[in-house]
Amino acid sequence: MLNGFKKFILRGNVVDLAVGIVIGAAFNSVVQEFVKGIFTPFLGIIGGIPDFSHFSVHVGKSTILVGEFLNALISFLIVATAIYFFVVVPMNKLKDLSAKGKNTDPTMKSCQFCFSEIPAKATRCPQCTSKLEEK
């Protein structure tokens, strides 16, 4: 039983997930401090509110703390933008590069004349009727 648990914990995806969570938490704290210490004061120069965390709206006897939500929203947008441009876009480009020129189905090949997908054993293309070279 202990051996199975050890095998589970040391699997690649569990370790990768743990590392991703730790790095994500560290990145989140950096972004939070960036928003709180640099971004919102900069917006304060433009808009007049130097720190959104104290921004609130009073309705009757209730106080609605809008500022904390705005800080969280700005942090989320910065994190989402960073993840998109520094993780998603490069991974999509790598995936496209690795898939380019690679035939994923070994039973199919491309016709060198019309580039349609045809069975690998075919000697003549059913689309353009060209005689195919044997490889």
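Residues numbered from 1 in each chain as written. Predicted model: local features only at pLDDT ≥ 70, side-chain atom pairs only at ≥ 80, totals over all residues. Heavy atoms only, no water.

Draft legend 1. View of the overall build of the protein chain. Across its full length, the protein chain carries 3 helices and 4 strands. When the helices and strands of the protein chain are listed from N to C terminus, the series reads α-α-β-β-α-β-β. Here the C-alpha atoms of the protein chain give a radius of gyration of 28 Å, more than 25% beyond the 14 Å that 2.2 N^0.38 yields for 135 residues. Among the 135 residues that make up the protein chain, the fraction classed as buried is 14%. Carbon and sulfur atoms make up 69% of the accessible area of the protein chain, which amounts to about 10900 Å² in all. In the protein chain, 14 positive and 9 negative side-chain charges are present, and the distance between their average locations comes to 8 Å. (Helix = DSSP H or I, 4+ residues; strand = E, 2+ residues; numbered from the N terminus. Rg over C-alpha atoms; globule rule 2.2 N^0.38 Å. Buried < 20%, exposed > 50% of the residue type's maximum accessible area, 1.4 Å probe, protein only. Areas by Shrake-Rupley, 256 points an atom, 1.4 Å probe, with all protein chains shown as cover. Lys, Arg positive; Asp, Glu negative; His and termini not counted. Charge placed at Lys NZ, Arg CZ, Asp CG, Glu CD.)

Draft legend 2. Region of the structure containing the side chain of Ser116. Secondary-structure assignment places Ser116 in the loop between strand S3 (108-110) and strand S4 (117-119). The class for Ser116 is buried, based on a relative accessible area of 16%. With residues up to four places along the chain from it excluded, the contact list for Ser116 reads Lys109, Ser110, Cys111, Cys125 and Gln127. (Contact = heavy atoms within 4.5 Å.)

Draft legend 3. View of unusual backbone geometry. Of note, Phe115 is a non-glycine position whose phi angle comes to about 65°, a positive value. Relative to the assigned elements, Phe115 resides in the loop between S3 and S4. Here Thr129, not a glycine, exhibits a phi torsion of approximately 60°, which is positive. Assignment of secondary structure puts Thr129 in the segment after S4.

Geometry only, nothing functional implied.
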